[in-house]
Each structure stands twice: as structure tokens, then as C-alpha cells.
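Here are the chains, one letter per residue:
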Amino acid sequence: MTATTHNDADHADDHHDHGPELTGIKRWLFTTNHKDIGTMYLIFSLVMLFVGGAMALVIRTELGQPGMQFVQPDFYNQMVTMHALIMIFGAVMPAFVGLANWMIPLMVGAPDMALPRMNNWSFWILPVAFGILLATLFVPGGAPAGGWTMYPPLVLQTGDAFPMLIFAVHLMGISSIMGAINIIVTILNMRAPGMTLLKMPLFVWTWLITAYLLIAVMPVLAGAVTMLLTDQFFGTSFFRAAGGGDPVMFQHIFWFFGHPEVYIMILPAFGIISEIIPTFSRKPLFGYTSMVYATASIAFLSFIVWAHHMFTAGMPLTGQLFFMFTTMLIAVPTGVKVFNWAATMWKGAMTFETPMLFAVAFLFLFTIGGFSGLMLAIVPADFQYHDSYFVVAHFHYVLVPGAIFAIIAGVYYWLPKWTGHMYNETLGKAHFWLTTIFVNLTFFPMHFLGLAGMPRRIPDYSTQFADFNLVATVGAFGFGLSQLLFVWIIVQCARGGKKATAEVWENPVGLEWTVPSPAPHHTFDEPPVVK
Amino acid sequence: MESGRHTFNLQANCALSARQAVAFFSGIAAVSLGIAVLFVTRGYWPVLPFAGAELAFLAWALRASWRAGQAREKLVIDSDEIVITRWDPNAEAPSTTRLPRSWTKAALIEVRDRRGGEQLALGQQGRWWVIGRFLGEEERRRLHQRLSQVLRQNGHIGPR
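Numbering of residues starts from 1 in each chain and follows the order in which that chain's sequence is written. Note on labels: chains are lettered from A, ligands numbered from 1, in written order. Thresholds applied to this predicted model are a pLDDT of at least 70 for local features of residues and 80 or more for the giving and counting of side-chain atom pairs; totals over whole chains, interfaces and linings are not thresholded and use all residues. To obtain the side-chain values, all non-hydrogen atoms of the structure were used and water was disregarded.

Here's the deal with the overall build of chain A
- We count a stretch as a helix when DSSP gives it H or I for four or more residues in a row; a strand needs E for two or more, and each element gets its number in order from the N terminus. When helices and strands are tallied, chain A shows 17 helices and zero strands.
- Within these notes, the globule rule equals 2.2 Å times the number of residues to the 0.38 power, and the radius of gyration is based on C-alpha atoms. The C-alpha radius of gyration of chain A comes to 24 Å, within 12% of the 24 Å expected for a compact globule of 531 residues.
- Here the C-alpha coordinates of chain A stretch approximately 85 × 60 × 45 Å along the principal axes.
- Relative accessibility under 20% of the residue-type maximum defines a buried residue, over 50% an exposed one, and the middle range a partly exposed one, all with a 1.4 Å probe and only protein chains included. Counting across all 531 residues of chain A, residues that qualify as buried make up 61%.
- We call two residues in contact whenever any of their non-hydrogen atoms come within 4.5 Å of each other. Taking as baseline every contact in chain A between residues at least 6 positions apart, the subset at least 24 positions apart corresponds to 82%.
- Note on areas: these come from Shrake-Rupley sampling with a 1.4 Å probe, and a residue is covered only by the protein chains present in the view. Split by element, the accessible area of chain A, about 19,500 Å² in all, is 70% carbon and sulfur.
- None of His or the chain ends enter the tally, which takes Lys and Arg as positive and Asp and Glu as negative. Each charge is placed at NZ for Lys, CZ for Arg, CG for Asp and CD for Glu. Seen as two clouds, the 20 positive and the 26 negative side-chain charges of chain A have centres 10 Å apart.

Digging into the overall build of chain B
- From N to C terminus, chain B includes three helices and seven strands.
- Counting from the amino terminus, helix and strand elements in chain B follow one another as β-α-α-β-β-β-β-β-β-α.
- Seen through its principal axes, chain B has C-alpha atoms that stretch 80 × 30 × 25 Å.
- When each of the 160 residues of chain B is scored for burial, the buried share is 45%.
- Contacts spanning at least 24 positions in sequence make up 48% of the contacts within chain B whose residues lie at least 6 apart.
- Total accessible area on chain B stands at roughly 8,100 Å², and carbon and sulfur atoms take up 53% of it.
- Side chains of chain B give 22 positive and 14 negative charges; the mean places of these two sets differ by 1 Å.

Brief notes about the pattern of salt bridges
- Here a salt bridge means any side-chain nitrogen of Lys or Arg lying within 4 Å of a carboxyl oxygen belonging to Asp or Glu. Enumeration according to the criterion identifies six salt bridges over all chains in this entry.
- Of the charged contacts, one joins A:R456 and A:D387 as a salt bridge, the two residues approaching to 3.9 Å between their closest N and O atoms. Taken together, the positions of A:R456 in the loop between α16 (425–451) and α17 (466–495) and A:D387 in the loop between α14 (379–385) and α15 (389–419) put the pair 69 residues apart, joining distant regions of the chain.
- Here B:R5 and B:D78 are joined by a salt bridge, their closest N and O atoms 2.8 Å apart. With B:R5 in the segment before β1 (6–11) and B:D78 in the loop between β2 (72–77) and β3 (81–87), this pair connects stretches of sequence that are 73 residues apart.
- A residue is classified by how much of its surface remains accessible, and B:R5, at 27% relative accessible area, is partly exposed.
- A relative accessible area of 16% places B:D78 in the buried class.

Looking at the packing of helix α7 (residues 202–233) of chain A against helix α1 (residues 18–41) of chain B
- In this analysis an axis means a line fitted to C-alpha atoms, helices contributing only their contacting stretch, and an angle means the value between N-to-C directions, from 0 to 180 degrees. Packing of α7(A) against α1(B) brings their axes to within 10 Å, and their N-to-C directions diverge by 25°. Regarding the angle of α7(A) to α1(B), the classification is roughly parallel. In this structure, the crossing between α7(A) and α1(B) has a hand that is right-handed. Contacts between α7(A) and α1(B) involve A:Y212, A:I215, A:A216, A:P219 and A:V220 from the first element and B:F24, B:G27, B:I28, B:V31, B:S32, B:I35 and B:F39 from the second.
- Three classes are used, and their members are as follows: Ala, Val, Leu, Ile, Met, Phe, Trp, Tyr, Cys and Pro are nonpolar, Asp, Glu, Lys and Arg are charged, and the others, Gly among them, are polar. Residue classes in the contact of α7(A) with α1(B) are distributed as 10 nonpolar, two polar and no charged. Any angle that is under 35 degrees is reported as roughly parallel, and any over 145 degrees as roughly antiparallel; angles of 65 to 115 degrees are reported as roughly perpendicular and all others as oblique. Crossings are assigned a handedness: left-handed for a near helix turned anticlockwise from the far helix by less than a right angle, right-handed for a clockwise turn.

Quick look at the nonpolar core
- The nonpolar core is taken to be a set of buried Ala, Val, Leu, Ile, Met, Phe, Trp, Tyr and Cys residues, with the residues joined through side-chain atoms within 4.5 Å. In this structure, A:F89, A:F130, A:M150, A:W207, A:W341 and A:W414 are the most contacted members of the largest nonpolar core, which totals 202 residues.
- For this core, the element with the most residues is helix α4 (residues 73–108) of chain A, which contributes 24 residues.
- If sequence neighbours within four positions are ignored, A:W207 has contacts with A:F96, A:V97, A:A100, A:I104, A:I183, A:L214 and A:P268.
- B:L10, B:I77, B:I82 and B:L99 belong to the second largest nonpolar core, which has 17 residues in total.

Some remarks on a nonpolar patch on the surface
Residue and element names in this part refer to chain A.
- For patch detection, residues must exceed 30% relative accessible area and be free of salt bridges, and they are connected within 9 Å for like charges or within 5 Å for nonpolar side chains (Val, Leu, Ile, Met, Phe, Trp, Tyr). Together, L22, I25, L29 and F30 make up a nonpolar patch on the protein surface, roughly 390 Å² of accessible area in all.
- Checked against the element boundaries, F30 lands in helix α2 (residues 24–30).
- F30 sits in the exposed class, given a relative accessible area of 52%.

So, the side chain of A:S45
Residues and elements named next belong to chain A.
- Structurally, the position occupied by S45 is in helix α3 (residues 34–62).
- The buried category is assigned to S45, whose relative accessible area is 8%.
- Not counting residues within four places of it along the chain, the set of residues in contact with S45 comprises G90, A91, P94 and A95.

A word on the environment of A:F311
- With respect to the helices and strands, A:F311 occurs in the loop between α10 (288–301) and α11 (317–329).
- C-alpha separation for the pair A:F311 and A:L49, spaced 262 residues apart in sequence, amounts to 31 Å.

Notes on α17(A)
- Taking 1.5 Å per residue, 30 residues should reach 44 Å; α17(A) reaches 45 Å between its end C-alpha atoms and fits that length.
- A positive phi of about 125° marks A:G497, the residue just after α17(A). By this rule the span expected of a helix is its residue count minus one, scaled by 1.5 Å.

Considering the confidence of the model for chain B
All names here are of chain B.
- Averaged over all residues, the pLDDT of chain B is 85; the fraction at 70 or higher stands at 90%.
- Taken as a whole, residues 156–160 scores under 50 in pLDDT and shows 17 contacts with residues more than four places along the chain or in a different chain.
- Scoring the predicted complex yields pTM 0.90 and, for the interface, ipTM 0.90. Every residue is assigned a pLDDT by the predictor, reflecting its confidence on a scale from 0 to 100.

Thoughts on the sheet that holds β1(B)
Residue and element names in this part refer to chain B.
- Being paired, for any two strands, means DSSP has found at least two bridges between them. With antiparallel pairing, four strands are arranged side by side in an open sheet as β1-β2-β3-β4. Of all strands in the sheet, those bounded by a partner on one side alone are β1 and β4 (95–100). Across the sheet, the axes of successive neighbouring strands diverge by a mean angle of 15°, strand direction being ignored.
- In this sheet, β4 lies alongside β3 in antiparallel orientation, the contact comprising six bridges. Looking across to β4, one finds that I84 is bridged to T97.
- Against the sheet, helix α3 (residues 137–152) makes contact with β1, β2 and β3, and its axis sits at roughly 165° relative to β1, the strand it touches most.

Topic: the side chain of A:T206
Residue and element names in this part refer to chain A.
- Its place among the elements puts T206 in helix α7.
- According to the relative accessible area criterion, T206 is buried, its value standing at 0%.
- Setting aside residues no more than four positions away along its own chain, T206 makes contact with L267, P268, F270, G271 and T295.

Quick notes on empty space enclosed by the protein
Residues and elements named next belong to chain A.
- A cavity here means a set of points on a 1 Å grid, drawn over the protein atoms and nothing else, where a 1.4 Å probe fits but cannot get out; a pocket is an open set with protein on both sides within 12 Å along at least five of seven lines, and a residue lines either one if it has an atom within 4 Å of a point. Grid points are joined across faces, edges and corners, and a volume is the space filled by probe spheres set on the points. Summed over the entire model, instances satisfying the criterion amount to one cavity of 30 Å³ or more.
- Considered as a void within the structure, the largest cavity measures approximately 150 Å³ in volume.
- For the lining of the largest cavity, the elements supplying multiple residues, two or more each, are α4, α6 (161–189) and α7.
- It is α6 that contributes the most residues to the lining of the largest cavity, six residues altogether.
- Of the residues belonging to the lining of the largest cavity, the class tally is 13 nonpolar, three polar and no charged.

So this is what it looks like as C-alpha cells:
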């Protein structure tokens, strides 16, 4: 034998004993498999949806009739703040990361995410972050109550919860960044041979752009909350007017992060809808390339519209005009998308299974949110609408029948691929109709309340607003209860049911439909070649 | 393949070229640092260290993944010996291992591995040299079949 160099030989013998597959809790604690981690993200997000939803029901219960009935004003403010933080960072964002974890490697033909151990970390940071955030409910002074935007000087009046809030936000940011980096590296480096950028599925494209946005704006949030911390505890005056600081500048910094954050929560939704509509229209997506460019345009514009959140905070007329026009400009790429989806359906052999029903509802209801956004972009009109229930109606239309409907549509669309079973279609359709009716019952009256002058973030209101508030409260409880049906459908599908084929639907396009259902623990042991 | 000589080139899948990785990173770094510097000029310097740390992390991740994708191995099987040449992205120069053909067998062995499963190895006298770590399970299985076929020629019987 002539072995001039021993590379693995010295270690190879040690490796003979293949470690036993982890089982039980250890499997979930130490897993590096993208499917396991995707599942954990989705379950975590569902739990947070119910936690945040319960807080929303506290809010709606109090608002069911005028006067103070159930909670103290301070606790009401805590619920408003925590509801927003939990829904944004705990429900919507992790749900999209979960879908990305499950589907991106399957869609690009990769065996796993590029950095699997980091993937495990990025998930497990989240329960810690939200454990800390929820623990603030039990500390002296209660949970943060100054709104999710954390404007100083109000937020600096938070009690013992303040440093916990900042730490939790940092942890959420770290988790998001790790997730975004992993997604970027996976998409760029692990695509199957032949899969050029312009052959990637739209869901992958939208996530690539979302991850780019996350990388660009997360340091801004981290810097902003750190400056709040140093203002509070280390004597700095970044935002303290008494020390020469500028509290309005915090609003600029926050919204420089906050507006791209809005698109972080909606771009992956666009990707999901772009996968579902062609499948159930039995036609290729109309205008694929224009969809990619429209997504990139929306991402670019998201950096130059932030001050439309603060027209009433005071700014020069030129600033108002600039931010008004750039905001309106977003309607162009968004319109491209909406028209492309409509054109995809045009003369298609459409069927309306549950994912398609949610996708079509998304199209209508998200567009309502888009239109009310256009109304809010008009400076003189915004002076009237600002801080009213019209704003609440607007962003809930964008985030609930927008982002959350897309997530639900995605779950129904890919659930058979994950579990190997078809879900109960009848129950799925019942879930859709209940959800759609109640979501409109909840949020549509808020437009009228806002136009009639009802301010947001108040636990009590004038009797003239009573009727629409009661309708919204009934709708909120109906919406919340309808989601229990969603949980039941998922559990039922995971436990059994009609076997799903590899394709699941009729001739869907994409690599994820070439692997068996359920997708095996290790997929694409051989990179598929994309032609 | 020369007469009696078989050559196998094994290479990891890597969709990104070094140039593309640098171009992508430069683009994102310019935007992220540009934003951070803008805030620094206004006195809000704490944004900068976060942007720097995040970009360093991204650079590490891109580099680690890209380098893992550069792993390459060449197997040359002659009538009397097998030469394994490895281009490990973490090593400065390629390394070479020479094994006597008549004593060497190919086998799928169980190893402790992040993704579990079997690894393909060439072995003789109880020692194993794992090859194609970066290949997928199915690719390893196919290579194992092919290597066994080649080693079986000239009277060698493998795998055992």
C-alpha cells in the first residue's frame, strides 16, 4: 500500500458507527432538517396567531359597546401593543419563514438549506424572544403599552418591561437576519443545474427580494431600539428633547425600517398567490418577468416612502409632495401584479379548491387595502384620516385578508405535499366562507368608523360609533372561532385521509411536485436538472 | 478513459460563481452601509455597528457555502493503483492518496454525518478513505455501483 496522504483515513474508522436518528423532543431541539424546522416555524406561528388573536378579542370585547366594561385603559393599551408585536413578529413573519424553509429547497432542487445548523438556531431564538416579551405582562408596570412603533418619549415611560422589550426585539431581529441570510445563500448557491434566476418560481423570487429587504433594514431597527435603551439607561440624548435630541427623528428612523417591513410581510404573499393562481387556472403565470421586476420595484420604492406614516408630524411641503407621489407610485407595480393575476385567470379552466378560493379572496380584499392605502397617501386627506379607525381598517385589510389569507392559501396548497394526505375539502371550503365573511364583518365597518372620526387606540368612544363597533366585535369573535376549524383540518390531514399523489393537483408546475407526497425526509439526493 | 484507465471527476453542485457572489455582496453591502452611513452623518451612529456585523455574517455565510460548493475529487483507476486527488476548499494545495488497486474495495459504509445515511469509501486492510462526501445519496449509490464494476474487472471482486 502506498498512501502518501491520509485525508479521511485516520478518522474514517471512528465514523463507522452511524449515530442513531434522534427521536422525541431531541429530534425537534437539534434538528437541522429544513422540513422539521419549517414545521416548527409554522406551528409556532399558529400558536402566536392564537395568542395575538386572544389579545385582539380582549380589545374587541372592550370595544363591543361604549364605556369601560372589562379592562383598565392601561391594560387595553398593553393589549394593543402586544397584539401588534406578536402578530407581526410572531405570527406573520415566522409563518412566511416556515413556508420558505419547507418549500424553497424543494423548489430550487436543493437537498436542504445552505446553513442547516444556523437554521436551527434562527428558529429556537424565537420562542425565547417571545417568552421574554410575554413575560412582560407579569412584571411591575405591566407589558409595553406605547404601541408597537415604540415612539419616545411615551415608550420611555414603560416600567420594568422596557429592557425586556428591547432585548426581545433584538432577538427577533437576530432570528430574522439569520433566516434571511440562510434563504439568500440557499437560493443563490444551491439551485439545481439549469435553474437560472429567471427560471425560479415566483415564491422563491419574492423571498429573495424579501430577504434582501430584511438585510437592508434590520440594522436600522436594531440601532433605533439600542438608542432608546441608551437614552433610558446610559444618559444619551438621541431622542430626548431635553438633552438636545429629536424625538421626531425616531419616527423617521423607525419608519425607515417599518415601511420596508410592511413589504417584508406582503412580498412572500405575492409569491404564494403567484404559485396558486396558475395551478387552478391551468395556465402559466401571465407576465412572469414583469412580476419579478414589479416585486423588485416595490422593494426599491419601499425605501423612499417612509414619511407617509408621519405627514401630521410636520415636514416641509416638498417633503410631503415627495412622499405622497412616491407612495402613489407603488400602485403601478402592484397594479402590474394584480392585472397579471387577473390575466392568468382569464379564459383559464378554473376550479375553486380551497387554496384558490383564498387566493381569489386575497386578490379582491388585498386590493381594497391597497386602495385605502392610496387614499391615505394623499396628504390633505391623510390629515383627516390619520390616527383614525380608517388607518386600522387599511392595514388590517392588507395584513389579514392580504398576508394571512395568502399564508392560509399556501398551507392548503402545500399541506398534501407535507403530510401525504388530502385535507377535507368540504371543511376547507367551510373554513374559507366563514373566514371571509367574518373578516369583512370585522374590518369593513372600521372604514366607516374612521371616516366618521373615531380615533384609534382608545378603549372608550362616543355612542355614535356603537353600532359599527358591535358589528366588528361580532365579526372578530366569528373570525377567531373559525380558525379553530383551520386547526382541526390541519390535524385531521396530518393524521390521515385520502392519499395524496406526487403532483397533488392537476399538472402543477415546479420541482416540488416531482417528489413523492409526503416529501421524503431527505429530498433531491441527486440535483435535478432544469431545462 | 485510456486503455485500462478509468477517471471519475466528482464535483459539488454550486450555482454561484465567485464573481457573482462578490457582485451580489457588493450590491447589498453598498445599500446597507449607505443607509447606515446616512444615519451616522445625522449623529445616529449605533446603526452602523449593526449593519457591519450583519454584513460580516452574510459574507461568512456566502463564503462558507461557496467554498463548500468548490469541493472536488478526481479518481484515477489504473491497472495497478488508484489515485484519489482532492481539492479541498479549506486546504492550500490538492492532496493525493494512492491505493493498490488489487487490494482495494468500494463500499457504502455507515458514518456519523449531519444528514445521516451512508458514505462511499474506498478501503483496504480495514482502513477507509471516504470519497464524494458532497454528493447526494443517490449519486453516491450510483458511483458505488460503477466503481464496483470497474474494480471487479481484472479479477478483483468488490465490494465485500
